[in-house]
Amino acid sequence: MTDELSIAEARRIALAAQGFAEPRPTGRVDRRHLRRVVDRMGVIQVDSVNVLVRSQELPVFARLGPHPRTLLADATRAGELFEYWVHEASLAPTAHHHLHRWRMDEPFPWPSFRRRVAEMGPFVEEVYQRVVDEGPLVAGDVEAGTNRGGWWEHGDGKTALAALFHQGRITARRRPRDFARVYDIPERVIPAEALARPTPSVHDAHKELLALAARHQGVGTLKDLADYHRITPTRAKVPLAELVEEGRLRPVAVEGWDRPAYLHPDVRRPRRVAARALLSPFDPVVWTRDRALRLFGFHYRIEIYTPVAKRVHGYYVLPFLLGDRLVGRVDLKADRAAGALLVQSAWVEPGEDPEEVAVALLEELRLMAGWLGLDHVEVTGAGDLGPTLRRLA
């Protein structure tokens, strides 16, 4: 008999799996706390947009509150995390490096990129040798070099580095001042014990990644679990069936969902979640828009690339989690020159109490402003929550 979950139960399970059923630390926050966050999330998506703060910092703040902003960089330098194409560009535990080698061994997924790399011929190997001999290097270092006695086409060096990075032949860390990738060979960056782990078959890697995705999401459909590490649903079907047969996942029916779901047997089932957090557009709780709609009734689209006149909620809009519900959204910007956290628009979800949402949101905004070294919160823009937020601010 298939277990049945109410949508409220599924929502609480999903939030607990992501670490939101645990209170934030009250004392000094250090690498131990980050390790717990990484253990819950498994993957931290990286994005270069810096209108507020680099996106990869936001999931850590959402779960830990104010913390040293060097935590992720320090963990990467210490060899605990590495960057790769996991769920888009992401930081993942180096302990899982072997589980991602299947992608390194596969053809580049973009046809135009494959063609360009093929046309470059032996030049890719020349770039690899430069990294071996001279690394660590940024793309600009390679672009400024010469090839066969002459200047190569602009961008070829960056393309070659991207190809080698995808193949896992080189890896990268981010340069703090401009977020540029600094490339080097894995042997000088990733711990030897991680590199020494045997490479599993593609099937076995997919199977373990699906099991991890279930632990990180708590409950999810085949598509939810496959997308967590960017495995196609077609390739996920057989290993997922094996996980069910082995008892490592349990089929469940979730209220309102029109497809089967799968529950990790070790999930927490809290009766209450008392979270308060601003979520990055790339937080696992909301990065799959269809899942956010099914779990929270929250219709979310990132509007960074939408023309200004066509934007509905703003440019860099963060959903606001209160308890176990997504109750609002705010378009935020850090005005570092003025020392202000700008609320460029603020919206409350239908059926939510604007006063309750605004009080909690303002507390979180002030906490975030202090973490970013900003002096105050300034409510400047539109949205149906704006007037209440301005009055309270």
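All right, on to the pairing of strand β13 (residues 340–348) then. Residues in a regular strand project their side chains so that they alternate between the two faces of the sheet. Counting buried residues along β13, seven of its nine residues qualify, which places the element largely inside the surrounding structure. Sheet topology note: the strand β12 (residues 325–335)/β13 ladder contains eight bridges and is antiparallel. Its bridge partner lying in β13, V330 is registered against A346. Linkage of β12 to β13, two consecutive antiparallel strands, is achieved through a turn of four residues, within which G339 is found at a positive phi near 65°. By the bridge criterion, five bridges tie β13 to strand β14 (residues 376–382) in an arrangement that is parallel. Paired with S345 across the two strands is A382, which belongs to β14. Considered for its hand, the β-α-β crossover made up of β13, helix α15 (residues 354–371) and β14 is right-handed.

Turning our attention to the packing of aromatic side chains. By the definition in use, this model includes eight aromatic pairs. Judged by centre distance (5.8 Å) and plane angle (50°), the ring pair of Y84 and F165 falls under tilted. With Y84 in strand β3 (residues 81–86) and F165 in helix α9 (residues 156–166), this pair connects stretches of sequence that are 81 residues apart. Neither residue differs from the other here; Y84 and F165 are each classed as buried. By way of ring pairs, the aromatic residues W85, F108, W110 and F113 are connected into one cluster. When the ring centre of F298 is taken as reference, the NZ or CZ atom of R329 above it lies at 4.0 Å.

Turning to unusual backbone geometry, a few remarks are in order. Residue P136 is reached from G135 by a cis peptide bond, and omega for that bond is 5°. Here P136 shows up in the loop between α7 (123–134) and α8 (139–143). One non-glycine residue, F179, lies in positive phi territory at about 70°. Structurally, F179 can be placed in the loop between β5 (171–174) and β6 (181–184). Of note in the backbone geometry, R230 takes a positive phi value of approximately 55° without being a glycine. Relative to the helices and strands, R230 resides in the loop between α12 (222–228) and α13 (233–245). The class of R230 is partly exposed, set by a relative accessible area of 29%.

Scoring rules and cut-offs
- Residues numbered from 1 in each chain as written.
- Predicted model: local features only at pLDDT ≥ 70, side-chain atom pairs only at ≥ 80, totals over all residues.
- Heavy atoms only, no water.
- Buried < 20%, exposed > 50% of the residue type's maximum accessible area, 1.4 Å probe, protein only.
- Helix = DSSP H or I, 4+ residues; strand = E, 2+ residues; numbered from the N terminus.
- Pairing = 2+ DSSP bridges.
- Right-handed = clockwise from strand over helix to strand, strands pointing away.
- Phe/Tyr/Trp six-rings, centres within 6.5 Å; stacked < 30°, edge-to-face > 60°.
- Lys NZ or Arg CZ within 6 Å of the ring centre and 35° of its normal.

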